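Chain and residue survey
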Amino acid sequence: MIAGTLGIIGILVLAILRVPIALSMGITGFVGLALLRSPNSAMASVVNTVYDTGFQYSLAVIPLFVLMGNFVTRARMSQELYAAAYSFVGHRKGGLAMATVVACAGFGAICGSAIATAATMTRVAHPEMKKYGYSDALATGAIASGGTLGILIPPSSLMIIYCIITEQNIGKMFAAGLLPGILATFLYLLAIRYTVWRDPEAGPAGSRIPWMGRLAALRDVWGVLVLFIVVMGGIYGGFFTSTEAASIGAMGGLFFAVFRGKLGWRDVKDVLLESARTTAILFAILMGALIFSSFLNFTELPNALESFVASFGLHPIMVIIVICALYVVLMSALEELSVILLTVPLFFPLVVSLGFDPIWFGILVVCVVEIGMISPPVGMNLFVINAMIPEVSITTVWRGVIPFIWADLLRLAILIAFPAISLFLPNLLF
Amino acid sequence: MTRIFALLEEILSWITASVLFAIMTLTFIDVATRGLLQTPVTGAFEVTELLLVVLVFTSIPLASRAGQHIAVDLLYSFTGKRLQWLMGSLADLLTGVAILGLSWLMLNRAIRVYNDGVYTAVLNIRYWPFVFYVAFMIFLMGLIHLLLSLRFLQPASATADDSDDKQEFGL
């Protein structure tokens, strides 16, 4: 118990001193193992973890999905998605913001990154909303929060990492994200309705597109549909593994990017390099987390946590609520991925011992990360928007996301209350 | 020193980009031939695994050089320039020493794998060159952090103005 707690404090101290998170976890795990067992066994454990993580075919899924996301972002497939969504809802009050959220959901279906989704949608949707006189708060709030759908709607980089550290099936996890993704989109649309109801000037209606135009716009999103159906359909139809699906998705993304003239050969190298570096960062932090996790297994902390929680006699669902509340607080101050890698090895055994479904807990984890990504002051998507639209002050962006954070909290409550929303599809397909 | 590292960076960039392209293409061809011709590429699984090792461990020093490993800015952003410099140097020093230690352990593992003569099941590819490569790349990463700490290398400039670069965080 004491060793485990000291370990967590050790990581926090190193991290605050700006040692990279991967190293903070790795060093603490190594020192902990050396003290609890022996220096030799700590050295063997560290080398085994690094070796086993590197030489593992199934982890090839990480670079390939990252690559797919980067290629489809460069292919600017977000443009057609936005045009199609706009043609259906653009003429309503707040319609351009709604189109942004719907387009983000569509883009999330071919890209597993919230940051990439927010970034690509900023380029497409912000100029339009600006043209129609949308308030900066609503425009940026819709993009920042819509972007987070990238990690909820499959594919999702965060889900892959969650599955690797908790040894869950990636396909099952992806299936679980679909209905919560639709729920999230719907709640974001409600948040926009609420915002324009409070202040009709915030989101004036755009021009109406006739039905012929709508059908034409819908036809233009075929590329996105094909990619989504082939990649996800392939996994669920049992035609190929998630790694193979990711390679097909990446190849498809490359095809669309080159075919549309958005990508020269020099750019292809840049995208590959960018994806490789992202992969390296993810692997480094994964190795650090695994080293720390093997130390944690030798401490009594996970068991002590279970006994500690049991001593309160709380209803299991209250435990989940406390964990989610703790996550929301932690992520408003710390980087989201690090929080997940640090805490999931600790909370996961507890959640499973309480009889909860690991896939359902994974969806809750994704939802709290989404909240973290748009929570002031350090939400990652807020920084992305701020960097791309520097003329809008960061405090305006903070103000803009507030209705969406409420929508997120409501969604979290619904998903906790009705696990079937997350588990219906995985149970049906697997 | 900077020039040597710039050249090294260029070489490693080409290796890592080519390897990722190869992983994507090989897996794609494997699926396509399995689906269309009922004959998957022999040993594709093994080659992908080995290419993944090269990809990850070639990219790790590149991410170090670009200053992209995830770090917490909580205290850092509230401190003055001089203290930031000190914190950055100490963090790099600690990282460098720890990673050099890891490279030494990995070198020992590589020697053991060489002596054991372990090879893959289908294509009989020897593992040892890859493990030596991993040890060397980890050594390079440690060296980069040490040189950054001692200011023989300049830290990469932040590119926060281009949000696409923020994809480095992977979320």
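Everything in this summary refers to the structure shown in the same document. (Residues numbered from 1 in each chain as written. Chains lettered and ligands numbered in written order. Predicted model: local features only at pLDDT ≥ 70, side-chain atom pairs only at ≥ 80, totals over all residues. Heavy atoms only, no water.)

**Digging into helix α20 (residues 394-417) of chain A**
Given 3.6 residues to a turn, an α-helix orients residues that are three or four positions apart in the same direction. The end-to-end C-alpha separation of α20 of chain A is 34 Å, in line with the 34 Å expected for 24 residues at 1.5 Å each. Maximum bend of α20 of chain A: about 35°, positioned at Ile 402 of chain A, with proline Pro 403 of chain A one to four residues after it. (Helix = DSSP H or I, 4+ residues; strand = E, 2+ residues; numbered from the N terminus. Expected span 1.5 Å × (residues − 1). Bend = angle between axes of the 7 residues up to and from the residue.)

**Quick look at the state of the cysteines**
Residue and element names in this part refer to chain A. Here the structure, examined in full by the defined rule, presents zero disulfides over all chains. Cysteine Cys 324 remains unbridged, with the sulfur of Cys 367 as its closest cysteine sulfur at 8.5 Å. Here Cys 367 falls in the buried class, since its relative accessible area comes to 2%. (Disulfide = S-S within 2.5 Å. Buried < 20%, exposed > 50% of the residue type's maximum accessible area, 1.4 Å probe, protein only.)

**A look at the interface of chain B and chain A**
Opposite the 64 residues of chain B that make contact, chain A presents 76 residues. Summed over both partners, the interface of chain B with chain A comes to about 6300 Å²; 76% of that surface belongs to carbon and sulfur atoms. A salt bridge links Arg 34 of chain B to Glu 244 of chain A; its shortest N-O distance comes to 2.9 Å. On inspection of chain B and its partner chain A, the count reaches four residue pairs in polar contact (both at pLDDT 80 or more). Listed by contribution, the elements that provide at least two residues to the side of chain B that touches chain A are α1 (2-37), α2 (44-65), α3 (81-116) and α4 (128-149) of chain B. At 15 residues, the largest contribution of residues to the side of chain B that touches chain A is made by α1 of chain B. Taken together, the residues of the side of chain B that touches chain A sort by class into 41 nonpolar, twelve polar and eleven charged. (Contact = heavy atoms within 4.5 Å. Buried area = accessible area lost by both parts, 1.4 Å probe. Salt bridge = Lys/Arg side-chain N within 4 Å of Asp/Glu carboxyl O. Polar contact = N/O pair within 3.5 Å; in protein donor to acceptor, adjacent residues only side chain to side chain. Nonpolar A, V, L, I, M, F, W, Y, C, P; charged D, E, K, R; others polar.)

**Description of the packing of helix α10 (residues 170-198) of chain A against helix α18 (residues 358-374) of chain A**
All names here are of chain A. In contact at an axis separation of 10 Å, α10 and α18 are set at 45° when each is read in the N-to-C sense. When the axes of α10 and α18 are compared, the pair comes out oblique. Crossing handedness for the pair α10 and α18: right-handed. From α10, Lys 172, Met 173, Ala 176, Gly 177, Pro 180 and Tyr 188 reach across to α18, where they touch Ile 359, Gly 362, Ile 363 and Glu 370. (Axes fitted to C-alpha atoms, helices over the stretch in contact; angles between N-to-C directions. Parallel < 35°, antiparallel > 145°, perpendicular 65-115°, else oblique. Left-handed = near helix turned anticlockwise from the far one by under 90°.)

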